[in-house]
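Spelled out from the first residue to the last, the chains are:
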Protein chains: 2
Amino acid sequence: MTKTHGHQPDHGNQTRDSATSGAPLTPPHAVIADPFWERYTELVRTTVIPYQWEALNDRVEGAEPSHAVRNFRIAAGLEDGSFHGFVFQDSDLAKWLEAVGHSLAQHPDPELERTADAAIDLIAAAQHPSGYLNTYFTIQEPGQQWTNLLDCHELYCAGHLIEAAVAYHRATGKRVLLDVVIRLVDHIDEVFGPREGQLRGYDGHQEIELALVKLFEATGERRYLELSRFFIDERGRAPNFLREEWERRGRVSHFVGKMAALDLSYNQAHVPVREQNVAVGHAVRAVYMYTAMADLARLTGDASLHDACRVLWSNMTGRQMYITGAIGATHHGEAFTFDYDLPNDTVYAETCASIGLIFFARRMLQLEPRGEYADVMERALYNTVLGSMSMDGRHYFYVNPLEVWPAASAGNPGRRHVKATRQPWFGCSCCPPNVARLLSSLGEYLYQVSDDDRTVYAHLFVGSIVTLSVAGHDVTLRQESSLPWSGRATFTIGSLAAREPRGQHGPGEAAFQLALRVPAWRAGEPQLRVNGEDAAYNVNDGYALVDRAWREGDTVEWILPMAAQLMTAHPNVRANAGRVAIQRGPLVYCLEEIDNGGPLASLVLPADATLEERVSDILLPGMVMLDGRAMREETFDSLGETNRGEAGTLYRPFMPAFTEVPVRAVPYFLWGNRELGEMNVWLRTHAGL
Amino acid sequence: MTKTHGHQPDHGNQTRDSATSGAPLTPPHAVIADPFWERYTELVRTTVIPYQWEALNDRVEGAEPSHAVRNFRIAAGLEDGSFHGFVFQDSDLAKWLEAVGHSLAQHPDPELERTADAAIDLIAAAQHPSGYLNTYFTIQEPGQQWTNLLDCHELYCAGHLIEAAVAYHRATGKRVLLDVVIRLVDHIDEVFGPREGQLRGYDGHQEIELALVKLFEATGERRYLELSRFFIDERGRAPNFLREEWERRGRVSHFVGKMAALDLSYNQAHVPVREQNVAVGHAVRAVYMYTAMADLARLTGDASLHDACRVLWSNMTGRQMYITGAIGATHHGEAFTFDYDLPNDTVYAETCASIGLIFFARRMLQLEPRGEYADVMERALYNTVLGSMSMDGRHYFYVNPLEVWPAASAGNPGRRHVKATRQPWFGCSCCPPNVARLLSSLGEYLYQVSDDDRTVYAHLFVGSIVTLSVAGHDVTLRQESSLPWSGRATFTIGSLAAREPRGQHGPGEAAFQLALRVPAWRAGEPQLRVNGEDAAYNVNDGYALVDRAWREGDTVEWILPMAAQLMTAHPNVRANAGRVAIQRGPLVYCLEEIDNGGPLASLVLPADATLEERVSDILLPGMVMLDGRAMREETFDSLGETNRGEAGTLYRPFMPAFTEVPVRAVPYFLWGNRELGEMNVWLRTHAGL
């Protein structure tokens, strides 16, 4: 067992790095102030983060011990013992620290910060003098570093540490973790590269690529950007690094402990990334990679990477995405399958994959602000990501099904991965911290300023306060939003501080364009009011443009007609043939057995169904349920048996008989918070032939 | 390696056993004379049986060597080498011999009989002096016999040898194989039993239980019946034999070569058989066991076994059977799942399971002639069993899907087991010989005579000639049938030979009741004509009774109205909600892409669809196709894109638009004989609200 390593950080007060407070953040970081969203960010701060800290320290009764913190203590030489958990266990602590960083930026919490500082000191103590840092290889396989990039997640874990360091540094100005990862990355930069004696390799699980971009943006060190580009450029090239490494290892898999087949498309390493035009393989790996590709396209002006991103985006969201913004159609490899294959019952739709989709969408917006990217971002956020967490913040879906039949989840092995209820969040530690870090960093997803400094894009309608650098000014912008329950967002210009004197406008004015997203879900033309007056607007690429010289106190109201709509899927999606989904604003709705009885498949919604909005506080204050009428197919029993033996009990001549019944839909993201039962997003419809 | 064993049979001409030609067979064995069925029995005789013999001898180019014959040569000491193939490889040769036996009974073939005799001599040469016979344990694990009943199929293989011996003896009168299995069974009867020093165990894969009943019926030796009952009675009793054996073995599985979990319901050994009321586990094992249970209930008058059979029948056929007579909803364990879980796309529906279902149905009829048993038998036979084989007799489905999307079979791992085309029959050797032995023994499934010697039941409408022992006479009955294309069966009384003089009827007369099945699929009241005159009839338990004093030359016409009907499934079958299947007579129909274009899911069949019959020779002489009109949902493309980004390409507001198109259905059992494409049994319907 490896004992203590050389580098020991200063265990006293970490000094704040004043450099972070000056330059404006790209993208702008808003502070959330929104009754709907603060419920979630508070849940994360007061429940998820503390609870996960207990889990990481093996103090949650009834939960499998995580061993993540203990692995670091052992690697640091502070404790004896052996490694436990997955080979990527380190990333759980890293994701927790990242969530803490985001949360502290939104809401100072000195006690939490002290806990995090101590964790960071522990991580620093586990770092090798070379900069290497990974508890699995330190404890379990010393000397075997970088010999199984395909399976062992070393660069993946490093990536999560980098993301944590950047977030924590941004929030607190403290450099200890940032310095740790800089040493780690400098070491990686020596080990990997095109030169003689370097490894021309990359990780089996993409993550470090997007993290290195963040590190470049945090430090300005271009080597980190180049290293990210190296990993992206090498991926899938011939001769194939992962294949050669696998051959060298005797084709033995770390996970199954014996020879196993290699499927390079699982790792998106089957062809060079620029030649990939269909989303394949493990969905989380895919979207993490696409995110880095889009980052690199933006920061290096690489048009071929941008093209590849557009093509992959279009394939993924246009042919392989569930209406809930979920991706990954199969649990075999947690993967994409093929175009239009979107089964509802055997779905995978991993929470982490939708989070990665949001990352990718955010980067596509930065490359090119088009409403469709924000539409997808919003779709995944309100439906899959929010829906993955229970109202109590302690239970999670990893698989986010669009159709649940509890008996099938229990009794059909092909559907056993589709849990009918959210699981205690400590059962597996991958998705919950990912939800925590996304929700606590939501403020980064709302706005962006165009490269020419002339336009402020408002992507999401979330109550918040942000300071933007635009048109030579630091502009404070306040947003109030009634989403997702109704469609009104009000923007108020706060202080306008000119960064340097300008001639063409009067004092206290800033001339810039406000670009308000026109969401695809609008049920009519949005209405614009500026300072209380109706105003006209032009729409470009999905954004309404409001160009004027703004003054403090100016208000913009953006009123988005919202109505329940029946949605249909492309006819190539066989699973949804003859079915409709209900959508209202950004929210997908569903039917639950508790409201409608079962089997839900016996209900038929008329094509011209009127769905009345009913505001209720049953699950969330102000939530909108939808009440309507449907036809329920009579059961065989109610029609009387035909007394023809089996033919009468299971199959018989078609004699359609229906009864009109009330039907109630609830927002998909709130399903499963009452009692076990069936749930369906896609509902049979009466085609109106 | 074990060398030659003591017993060497007479390698010269096998002597015929005259005892077999005397007593009437139970059930009666008809000779098939039917244009529809002879095509299949001839395929079996001229293609399947010779081809499989080549395969068993490793002479089929491009096929995995079977090694089955070589294993016997090695075990007999005639050749050096090691065992290859599955642990149950012996059963392939046994099933082949059984098919040969059935075929020889229908159609003498001296060359085939010589080949079979030589194979039988080889089997005899591999038998141990003790009577033990199994090439795997002889070659590979000598001394380890009977130590892994759970996995190693020793009694299963013995069962298939017994069935082969009985069939071959019946057909040829030759005793060599029968004597071999009698020695084998006598040995098994010493090893297994309730006495001190005996194993109170049973096989992981049921089969010997039903085979021992056949051996009892062939030999009259009651010990064989008792041994079968012992296996059935012991199964699932506490303390559980299979669990204790598994514990003794260190929980190591023969198949995975390491420790593996035990699921006793997979083997139907979780509770005693009389307490089983739901069909669970591996479907083939289940129906083989139920078959033996029904046999034993009949032969021992065991009412509790009969009750269990009724309950299991009712659960399986009333809640867990596909409309094609297929069973087994999941490929995980090739198993049943739970009530009303009958997914079409991830179906298992193994051919062998439907064959076992036919065995069980046949025994239920023998216990109690009720039309519903014959309905299921006919349903499984015409749809799943016939459909499993290609027109050329050289390609087979193991999984018989009700819905095929070739792209999903290729691209979704959860549907990879659902092949979109029949596979070369030598790929795996379990289903093809099972089809061969069933089709070549079809003559055993047509008739039965009641215990009181007064009634002849006609279960299936298949052209044939049979000699029945009824009412003190040997009656020859000829049947001509137009099934499955139209519903007319004509029965002609042939010779009437009184076995002893009777007083109450004139010479050349025999008074008995002819019971003609009234199939559930009839599209109206059947018409009965006796000697050309309309006649009235009563119906009891699904059979029309015609009671008279019959004379040679009497004819009975049984005219069954046949029309295409739309069928619906019980509303609890979620997979079929909003869908109908087409059935005409015993045949289920389907839509194929070659006739209708894709996606088939875009087609909607009106509830009042008229389907016109069109006779064609495309696939089979005289086949009936069904032509009608349906509505095809417009694709997004044909409606123009809504230009709303991803929302427009994959999801958009519901705007139903349909075009009326022609639609053509073909018999399900003939699907997949033209080109690769989609196939659907369950079709969207317009509910007619």
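Look above for the structure.
Treat the numbers as computed from the prediction; the structure is a model and nothing was measured.

Q: I'd like a rundown of the interface of chain B and chain A, residues and numbers included.
A: The partner chain A presents 73 residues to the 73 residues of chain B that form the contact. Across the chain B to chain A interface the summed buried area is about 6,300 Å²; carbon plus sulfur atoms make up 64%. Across the contact surface, chain B and chain A share two salt bridges. Inspection of the chain B/chain A interface yields 14 residue pairs in polar contact (both at pLDDT 80 or more). Among the secondary structure elements, those contributing two or more residues to the side of chain B that touches chain A are helix H13 (303-319), helix H15 (371-387), helix H16 (406-411), strand S16 (564-569), strand S21 (623-633), helix H20 (646-649), strand S22 (651-653) and strand S25 (683-686) of chain B. The greatest single-element share of the side of chain B that touches chain A, amounting to five residues, is contributed by S16(B). The residue inventory of the side of chain B that touches chain A, partitioned by class, reads 36 nonpolar, 21 polar and 16 charged. Here three bridges tie strand S16 (residues 564-569) of chain A to S22(B), and the two strands are oriented antiparallel to one another.

Q: Which residues make up the packing of helix H15 (residues 371-387) of chain A against helix H17 (residues 431-440) of chain A, and what values do they have?
A: Two measures define how a pair of helices packs: the angle their axes make with one another and the distance between the axes. Residue and element names in this part refer to chain A. The interhelical angle for the contact between H15 and H17, taken along N-to-C directions, is 140 degrees, at an axis separation of 11 Å. Every pair of crossing elements has a handedness; the one defined by H15 and H17 is left-handed. Facing H15, whose interface residues are Leu381, Val385 and Leu386, H17 presents Val435, Leu438 and Leu439. Here the residues of the contact of H15 with H17 are counted per class, giving six nonpolar, no polar and no charged.

Q: An account of unusual backbone geometry is requested, with residue identities and associated values reported.
A: Cis geometry is adopted by the peptide bond preceding Pro484(A), which originates at Leu483(A) and carries an omega value of -5 degrees. Looking at the element boundaries, Pro484(A) is found in the loop between strand S8 (473-481) and strand S9 (488-498). Residue Pro599(A) is reached from Gly598(A) by a cis peptide bond, and omega for that bond is -10 degrees. Following the sequence through the fold, Pro599(A) ends up in the loop between helix H18 (593-596) and strand S19 (603-606). Even without a glycine there, the phi angle at Glu334(B) is positive, about 45 degrees. Relative to the assigned elements, Glu334(B) resides in the loop between H13 and helix H14 (351-367). Owing to a relative accessible area of 25%, Glu334(B) belongs among the partly exposed residues under this scheme.

Q: Can you explain helix H17 (residues 431-440) of chain B? Please cite residues and give values.
A: Counting buried positions over the ten residues of H17(B) gives ten, a clear majority of the element. Those residues of H17(B) that sit buried are Cys431(B), Pro432(B), Pro433(B), Asn434(B), Val435(B), Ala436(B), Arg437(B), Leu438(B), Leu439(B) and Ser440(B).

Q: Before we move on, can you summarise helix H13 (residues 303-319) of chain A with the specific residues and values?
A: Quick reminder: α-helices carry 3.6 residues per turn. Residues three or four places apart thus point the same way. Helix length check: H13(A) (17 residues) gives 24 Å between terminal C-alpha atoms against 24 Å at 1.5 Å per residue, within 8%. Residues Leu305(A), His306(A), Ala308(A), Cys309(A), Leu312(A), Trp313(A), Asn315(A), Met316(A), Thr317(A) and Gly318(A) constitute the buried set of H13(A).

Q: Please set out the sheet that holds strand S6 (residues 455-458) of chain B residue by residue, giving values where relevant.
A: All names here are of chain B. Across the sheet, five strands lie side by side as S5-S6-S10-S14-S13; this open sheet has mixed pairing. In the strand order of this sheet, the two ends are held by strand S5 (447-449) and strand S13 (538-540), each with one partner. Averaged over all pairs of adjacent strands, the angle between their axes in this sheet comes to 30 degrees, without regard to strand direction. Of the strand pairs in this sheet, S6 and strand S10 (residues 509-517) are connected by four bridges, and their pairing is parallel. By the bridge assignment for S10, valine 456 is matched with leucine 514. In the packing of H15 onto the sheet, contacts are made with S10 and strand S14 (543-551), and the angle to S10 comes to roughly 60 degrees.

Q: Requested: an account of the side chain of Glu98(A), with residues and values cited.
A: Of note, Glu98(A) is situated in helix H3 (residues 90-106). When sequence neighbours within four positions are dropped, the list of residues in contact with Glu98(A) reads Glu163(A), Ala164(A), Ala167(A), Lys214(A) and Arg437(A).

Q: Go over the pairing of S14(B) with me, naming the residues and quoting the values.
A: All names here are of chain B. Where S10 meets S14, nine bridges bridge the pair, whose relative direction is antiparallel. In the sheet register, arginine 517 faces S14, and the bridge partner there is tyrosine 543. Two strands pair when backbone bridges link them, and S13 and S14 are joined in this way by three bridges, in the antiparallel orientation. Across the sheet, the residue bridging to asparagine 538 is leucine 545, located in S14. From the end of S13 to the start of S14, which pair antiparallel, there are two residues, and aspartate 541 there has a positive phi angle of about 50 degrees.

Q: Break down the relation of the copies chain B and chain A for me, citing the residues and quoting the values.
A: For the pair chain B and chain A, the superposition axis carries a translation of 0.1 Å, the fit reaches an RMSD of 0.1 Å, and the rotation angle comes to 180 degrees. The operation mapping one copy onto its partner corresponds to a two-fold rotation axis. Both copies contact each other with a shared surface, as 100% of the interface residues of chain B are interface residues in chain A too.

Q: Any details on the packing of aromatic side chains? Residues and values, ideally.
A: Residue and element names in this part refer to chain B. Inspection of the entire model under this criterion finds 56 aromatic pairs over all chains. Centre to centre, the rings of tyrosine 290 and phenylalanine 360 are 5.4 Å apart; their planes meet at 55 degrees, and the pair counts as tilted. Residue tyrosine 290 is found in helix H12 (residues 283-300), and its partner phenylalanine 360 is found in helix H14; the two are separated by 70 residues along the sequence. Across this residue pair, the class does not change: tyrosine 290 and phenylalanine 360 are buried. Cation over ring: arginine 39 sits above tyrosine 40, and NZ or CZ is 5.3 Å from the ring centre.

Q: Can you tell me about the pattern of salt bridges, naming the residues and giving the values?
A: Counted by the stated rule, this structure contains 96 salt bridges over all chains. For Asp541(B), the salt bridge goes to Arg370(B), with nearest N and O atoms at 3.3 Å. Of the two residues, Asp541(B) is situated in the loop between S13 and S14 and Arg370(B) in the loop between H14 and H15; the sequence distance between them amounts to 171 residues. Under the relative-accessibility criterion, Asp541(B) is labelled partly exposed at 37%. Under the relative-accessibility criterion, Arg370(B) is labelled partly exposed at 27%. With a closest N to O distance of 3.3 Å, Asp474(B) and Arg499(B) form a salt bridge. Residue Asp474(B) is located in strand S8 (residues 473-481), and its partner Arg499(B) is located in the loop between strand S9 (488-498) and S10; the two are separated by 25 residues in the primary sequence. Its relative accessible area of 44% is what places Arg499(B) among the partly exposed residues. Each of Glu98(A), Glu163(A), Lys214(A) and Arg437(A) takes part in salt bridges that share partners, so that together they form one network.

What counts and how
Residues numbered from 1 in each chain as written. Chains lettered and ligands numbered in written order. Predicted model: local features only at pLDDT ≥ 70, side-chain atom pairs only at ≥ 80, totals over all residues. Heavy atoms only, no water. Contact = heavy atoms within 4.5 Å. Buried area = accessible area lost by both parts, 1.4 Å probe. Salt bridge = Lys/Arg side-chain N within 4 Å of Asp/Glu carboxyl O. Polar contact = N/O pair within 3.5 Å; in protein donor to acceptor, adjacent residues only side chain to side chain. Helix = DSSP H or I, 4+ residues; strand = E, 2+ residues; numbered from the N terminus. Nonpolar A, V, L, I, M, F, W, Y, C, P; charged D, E, K, R; others polar. Pairing = 2+ DSSP bridges. Axes fitted to C-alpha atoms, helices over the stretch in contact; angles between N-to-C directions. Left-handed = near helix turned anticlockwise from the far one by under 90°. Buried < 20%, exposed > 50% of the residue type's maximum accessible area, 1.4 Å probe, protein only. Expected span 1.5 Å × (residues − 1). Least-squares fit on C-alpha atoms with pLDDT ≥ 70 in both. Phe/Tyr/Trp six-rings, centres within 6.5 Å; stacked < 30°, edge-to-face > 60°. Lys NZ or Arg CZ within 6 Å of the ring centre and 35° of its normal.

What is shown is where atoms sit, not what they do.
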